[in-house]
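# Structure at a glance
Each chain is listed here by its residues.
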Amino acid sequence: MTASHTTGGRRLIDLVPHIVLIVGVLIFAFPIYVTLIGSTWDSATIGRGNLPLIPGGEAFNNYSQAWSESHGARASYTPVRVMVLNSLVMALAIALGKIAISILSAYAVAFFRFPFRMAFFWMIFITLMLPVEVRIIPTYKVVADLGLIDSYAGLTIPLIASATATLLFRQFFLTIPDELVEAARIDGAGAVRFFLDVVLPLSKTNIAALFVILFIYGWNQYLWPLLITNSADMETIVIGITKMIGTGEAANDWNLIMATTVLAMLPPVAVVVFMQRWFVKGLVDSEK
Amino acid sequence: MLTRRTLGLATAALALAAGLSSGAALAQQKTVVEFWHGLPQPLGGQLEEVVKGFNASQDKVQVNPSFKGSYPETMQAAIAAFRAGNAPHIVQMFEVGTATMLAAGPAVKPVHQLMQETGATVDPKAYIPAVSGYYSSKDGKMMALPFNSSTNIMFYNKDAFQKAGLDPNKAPATWPELIGAAKALKAAGIACPFTTSWPTWAQFEQLGAIHDTPFASQANGFGGLNAELKINAPLYVKHVQTLVDMQKEGTFRYGGRDNKPDGLFPSGECAIIHASSGLRSRIAKEATFAWGAAPLPYWPDQIKGEPKNGIIGGAAFWVMTAPKRTPAEYKAVSEFFTYLAKPEIDAKWHMDTGYVPVTFKGFELAKAEGFYEKNPGADVPAKQLTRTPTTENTMGLRLGNLPEIRNIIQEELEKAFQGQPVQQSLDTAVQRGNVVLRNFERANKN
Amino acid sequence: MQRRVIFDNKLLPYLLLAPQVAVTLVFFIWPAAQAIWQSVHIQDAFGLRSEFVWFENFEVILRDPNYIETLKTTAIFSVSVTVLSLGVALLLAVLADSKIKGARAYKTLLIWPYALAPAVAAVLWMFIFNPEIGSLGQLLNRLGLDWDYRLNGTQAMIMVILAASWKQVAYNFIFFLAGLQAIPRSVMEAASIDGAGPVRRFWTITFPLLSPTTFFLLVVDMVYAFFETFGTIHALTHGGPGKSTETLIFRVYQDGVVNNDLGASSAQSVILMVIVIALTAVQFRFVERKVHYA
């Protein structure tokens, strides 16, 4: 009797994490769900605000229209594939660039002692403090003076410096046990060797997490690309979406906006799913 | 058509494949005009289609349209570009940015000057005065080319009117009539009888114009930078008090700032809305009830004679300067403008988009095509704009940093709805707004 | 913090820092210097006329009672967003990382929302919260809660805090998961064998070992709440009703981008910078002492 009673209590307690997680998923995935549902209805239903919570029958129409509607009768659009390609280039360049230069500078700050070490760290760190909205005019001027308007370089390089990533790697490097460094030195490994053989493999989970975050950050950039690109063939998918949402003097094609949003989410989601196994090991891994 | 599009796509693809940043190779021999606009889809695409029409109509000029975000973002982009010596040839600027552009002096080339220099003509008299007045200097010279203009009108739910025992074919013409209708609607169980989009534009700026009452001194700012707000005058106090009282008794609902309340009408939630004439296409698409359009109501006891013309919203095209700009480039801009000023372009834009026609001939053309028979009520905005000759209170507003002033008024209005006395709210709005005007005056004094 | 064991190359650290420093100097420090220059000038929008005014811009702002109100609003907002997004993310991450069925599915479902473009997320919040056409708004009103964030400042504040935290929870969640993965399983299993319950295991082992990640996220979240939330506020409330959801960064954006008042806007961002540098310094000086590094 007693034993079975305990098991029952245990089971109830075991359910608590599931309940919390399910509630969490419901809350956090709800907007995604609304987008998915929205992409299966017609725009009038969504615009009126009484969007049902079950899928409608317009999915095929909406998606085929969102994908191919680059030749409307009265309006012109930039083809989706051009925008996706631009977004991809920008997101990859920003994510990889940020990771590369941040891991190097964090390595310098954490593993070396040299004059002005903390001054450099703080200089990098403070860049995080000045909102982009304020320095946008001078930054634009710098980019214009360098002749980088309307180019991938102008689109990405100014966004590559990263205080966040540098701080993350510094935090992580400080947790690497001293014994490892000692051992490496006794083995005669230099700083470069140590970086390649020990630090880089250890940073795998952090790099993967950061890549996900930064890829999405780059993918979702809005204000900067808007300012820095002029020609239609430099347009990114997020600008395409924003163009559709606009400021509302006209009727929005909500169905197409939602469908395009879902399409625009596919590459970031693919990155999440693909990178996830690097930093989120499943049950199988943990048995090791 | 087909070949040109295929060609264009192929060129773009080639340019991308070759790693080129911008595929304007085809346009090399033509004079290139950069044109920045702030219209989202589908309007932005329709505007770019107009540009395509121009590009195809001749072989000397290539206009490159480029979307730069919302109107304030477009303005910001143009300012940043000007400061970097890189301004576009043409920028689309919303009506409330007019004073800022006019104060920009050498950054802007006034349209009348452009036309004079290039020997082209765009006749200001061809335009509806309420439109051209907004974008003209005090002595009537055209500063910018009017293009997409709208105004504020009233939409009402005919089914709801029927339900409340009101005549669905007779919209309330005055405020007392509107209040009566709202009460009847509420009695009939309609939760939201009346709301307003664009609270400042509709309930302050239009109110002043219709009642020929100043919004600010110095002829609403046309007379000089030293204008002061006048929106704590009795007309405005009475009006806002009415709205606050109606909100309390449940016959009016405050639906938020700018155009946030737009959705309340097509959803059937609110039975009457004051909104941009541009809302029409959305209502036509989404509403599942019979509806009508009518001019904004007026206060019979606050008006001398008949209600005056309303004022416009929307945007105009401004010509910008840059250090290395050549006369040939200005010539190209003026050719584009001459094309845009044609009545058939104006009429087509009006009928395609729901913006008002900006020229008399464009209006006539739309009439001749039977557009208003097919779309009853679509001529309400144009009629409201042209019903009287403009006075200094109905020409528009020429106030620096008007977007900021609009926000201040909305903030104080919200405080009034939360219980702050109306007179106090409007006095504070005037006082805070005047600070904005003084700062603008100081920053732009030579 | 400084490691005890270090390398002693002379030139290498500078080479490693060079790319980051170069980009920072050209695209951050130089524009930032211009912002400081602007903060002591009064200028028209196009930069054609400017007048040197010493600290007048600062004086005007600090005397503005609305600005002081905004300071208070920002404090409430930032603390709420930081605490809420850190707490919820930590809870979810620890649960999702435990050995329960479907852990992988939970993880994926909780990371995805981060991929939603902010521009679209903002519109969705409107569809969710709007009192008349929003699904949640309608529900609250049907429950008799009288939900109307357009005229109720407190409700508006709650809404922007929730919306701003929502995005950051996914961000924190990813880094907490990565942090949890780095904790050796052996440590946890040893504790488990010792008979420590899950709650005690969390406070005595997981939380201290996670502290470098938590500290990193604390700094990042605070900066996020200060700077990157204007888009959310812009889309939802425009700082209203009245000024009840106007934060410092929203006002900087409003004055700089919408009102074209570069002097006032730059002066405010200088003040903002000072506040955040001070807060960060405090965090590094006092909070980091409690952080457990190896």
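Rules used throughout
- Residues numbered from 1 in each chain as written.
- Chains lettered and ligands numbered in written order.
- Predicted model: local features only at pLDDT ≥ 70, side-chain atom pairs only at ≥ 80, totals over all residues.
- Helix = DSSP H or I, 4+ residues; strand = E, 2+ residues; numbered from the N terminus.
- Buried ≥ 20, exposed ≤ 12 C-beta atoms within 10 Å, placed from the backbone.
- Contact = placed C-beta atoms within 7 Å.
- Core = buried A, V, L, I, M, F, W, Y, C linked by C-beta atoms within 7 Å.
- Nonpolar A, V, L, I, M, F, W, Y, C, P; charged D, E, K, R; others polar.
- Domains from an automatic or database assignment.
- Axes fitted to C-alpha atoms, helices over the stretch in contact; angles between N-to-C directions.
- Parallel < 35°, antiparallel > 145°, perpendicular 65-115°, else oblique.
- Left-handed = near helix turned anticlockwise from the far one by under 90°.
- Pairing = 2+ DSSP bridges.
- Right-handed = clockwise from strand over helix to strand, strands pointing away.
- pLDDT = per-residue confidence, 0-100.

## Some points on the overall build of chain A
- If you tally the helices and strands in chain A, you get 15 helices and zero strands.
- Counting every position in chain A, which comprises 288 residues, the buried fraction comes to 53%.
- Expressed as a percentage of contacts within chain A between residues at least 6 apart in sequence, the contacts between residues at least 24 apart total 73%.

## A short note on the overall build of chain C
- A count of helices and strands for chain C gives twelve helices and two strands.
- N-terminal to C-terminal, the α/β element order of chain C is α-β-β-α-α-α-α-α-α-α-α-α-α-α.
- Seen through its C-alpha atoms, chain C measures out along the principal axes to roughly 70 × 70 × 30 Å.
- In chain C, which comprises 294 residues, the share counted as buried stands at 51%.
- Contacts in chain C between residues far apart in sequence, at least 24 positions, make up 66% of those at least 6 positions apart.

## A look at the nonpolar core
- Counting 298 residues, the largest nonpolar core has Tyr107(A), Val212(A), Trp318(B), Phe173(C) and Ile174(C) as the members making the most contacts within it.
- The dominant element in this core, judged by the number of residues it contributes, is helix 7 (residues 153-182) of chain C, at 17 residues.
- Each residue touching Phe173(C), except ones within four places of it in the same chain, is listed here: Ala89(C), Leu92(C), Ala93(C), Leu110(C) and Ile111(C).

## Looking at the interface of chain A and chain C
- Listed by partner, the interface residues are 84 residues for chain A and 87 residues for chain C.
- Here the side of chain A that touches chain C takes twelve residues from helix 1 (residues 2-38) of chain A, the largest share from any one element.
- Across the side of chain A that touches chain C, the residue classes break down as 58 nonpolar, 20 polar and six charged.

## Things to note about the environment of Val61(B)
- As for its position among the elements, Val61(B) is in strand 2 (residues 61-67).
- If we ignore the near neighbours within four places in the chain, the residues touching Val61(B) are Lys30(B), Thr31(B), Val33(B), Ala332(B), Glu335(B) and Phe336(B).

## Description of unusual backbone geometry
- Put simply, Gly240(C) and Pro241(C) share a cis peptide bond, and its omega is -5°.
- Inspection of the secondary structure puts Pro241(C) in the loop between helix 10 (230-236) and helix 11 (248-258).
- The phi dihedral of Asn401(B) falls on the positive side, at around 50°, and the residue is not glycine.
- The class of Asn401(B) is buried, set by 26 C-beta atoms lying within 10 Å.
- For Asn260(C), which is not glycine, the phi dihedral falls at a positive 55°.
- You can see Asn260(C) is positioned in the loop between helix 11 and helix 12 (262-285).
- Asn260(C) gets classed as buried once you count the C-beta atoms within 10 Å, which come to 24.

## Some points on the domain arrangement of chain A
- What the domain assignment lists for chain A is domain 1 (2-68) and domain 2 (80-245).
- Spacing between the C-alpha centres of domain 1 of chain A and domain 2 of chain A amounts to 34 Å.

## Looking at the packing of helix 11 of chain C against helix 12 of chain C
All names here are of chain C.
- Axis separation between helix 11 and helix 12 bottoms out at 8 Å; the angle between their running directions is 160°. The pairing of helix 11 with helix 12 is recorded here as roughly antiparallel in orientation. Like other packed secondary-structure pairs, helix 11 and helix 12 cross with a definite hand, here left-handed. Contacts between helix 11 and helix 12 involve Leu248, Ile249, Arg251, Val252, Asp255 and Gly256 on the former and, on the latter, Leu262, Ala264, Ser265, Gln268, Ser269 and Leu272.
- Across the contact of helix 11 with helix 12, the residue classes break down as six nonpolar, four polar and two charged.

## Quick notes on the environment of Val257(C)
All names here are of chain C.
- Its place among the elements puts Val257 in helix 11.
- By the C-beta count within 10 Å, which is 24 here, Val257 ends up buried.
- In this structure the C-alpha to C-alpha distance between Val257 and Asn9, which are 248 residues apart in sequence, comes to 47 Å.

## Focus on the pairing of strand 1 (residues 31-37) of chain B
Residue and element names in this part refer to chain B.
- The element strand 1 is largely enclosed, with a buried count of five among its seven residues.
- Relative to strand 2, strand 1 runs parallel, the two being bridged by seven bridges. Bridged to Glu34 within strand 2 is Asn64.
- Handedness of the β-α-β unit built from strand 1, helix 2 (residues 43-57) and strand 2 comes out right-handed.
- Direction of pairing for strand 1 relative to strand 3 (residues 90-94): parallel, over a ladder of two bridges. Across the sheet, Phe35 pairs through a bridge with Ile90, a residue of strand 3.

## Digging into the confidence of the model for chain C
Residues and elements named next belong to chain C.
- Taken as a whole, chain C shows an average pLDDT of 85; of its residues, 98% reach a score of 70 or greater.
- The weakest mean pLDDT in chain C belongs to helix 8 (residues 185-193) at 76; the strongest belongs to helix 3 (residues 65-97) at 93.
- Taken over the whole predicted complex, pTM reads 0.84, whereas the ipTM for its chain interfaces reads 0.80.

## Focus on the packing of helix 7 of chain C against helix 9 (residues 198-228) of chain C
Residue and element names in this part refer to chain C.
- Viewed as axis vectors pointing N to C, helix 7 and helix 9 meet at an angle of 160°, and their least axial separation amounts to 10 Å. In terms of axis orientation, helix 7 runs roughly antiparallel to helix 9. Every pair of crossing elements has a handedness; the one defined by helix 7 and helix 9 is right-handed. In this structure, helix 7 contributes Ala164, Gln168, Asn172, Phe175, Phe176, Gly179 and Leu180 to the contact, and helix 9 contributes Leu210, Thr213, Leu217, Asp221, Tyr224 and Ala225.

## A few points about the pairing of strand 5 (residues 145-157) of chain B
All names here are of chain B.
- Judged by how many residues are buried, strand 5 sits mostly within the fold: 13 of 13 residues are covered.
- By the bridge criterion, five bridges tie strand 5 to strand 9 (residues 312-320) in an arrangement that is antiparallel. Bridge pairing links Ser149 to Gly314 in strand 9.
- With five bridges connecting them, strand 5 and strand 7 (residues 270-276) associate as antiparallel partners. If you follow Met154 over to strand 7, its bridge partner there is His274.
- Alignment of strand 5 against strand 8 (residues 291-294), held across four bridges, turns out to be antiparallel. Bridging from a neighbouring strand, Phe155 pairs with Ala293 of strand 8.

## As for the confidence of the model for chain A
Residues and elements named next belong to chain A.
- Chain-level pLDDT for chain A is 79 on average; 84% of the residues reach the 70-or-more range.
- Below a pLDDT of 50 lies the segment residues 1-6, which in the model reaches zero contacts outside its immediate sequence neighbourhood of four places, other chains included.
- Counted against residues more than four places away or in other chains, residues 282-288, with its pLDDT under 50, gives six contacts.

## Notes on the environment of Lys141(B)
Residues and elements named next belong to chain B.
- Within the secondary structure, Lys141 is located in the loop between helix 6 (129-134) and strand 5.
- Separated by 108 residues in sequence, Lys141 and Val33 place their C-alpha atoms 24 Å apart.
- In contact with Lys141, other than residues within four places in its own chain, are Pro110, His112 and Ser136.

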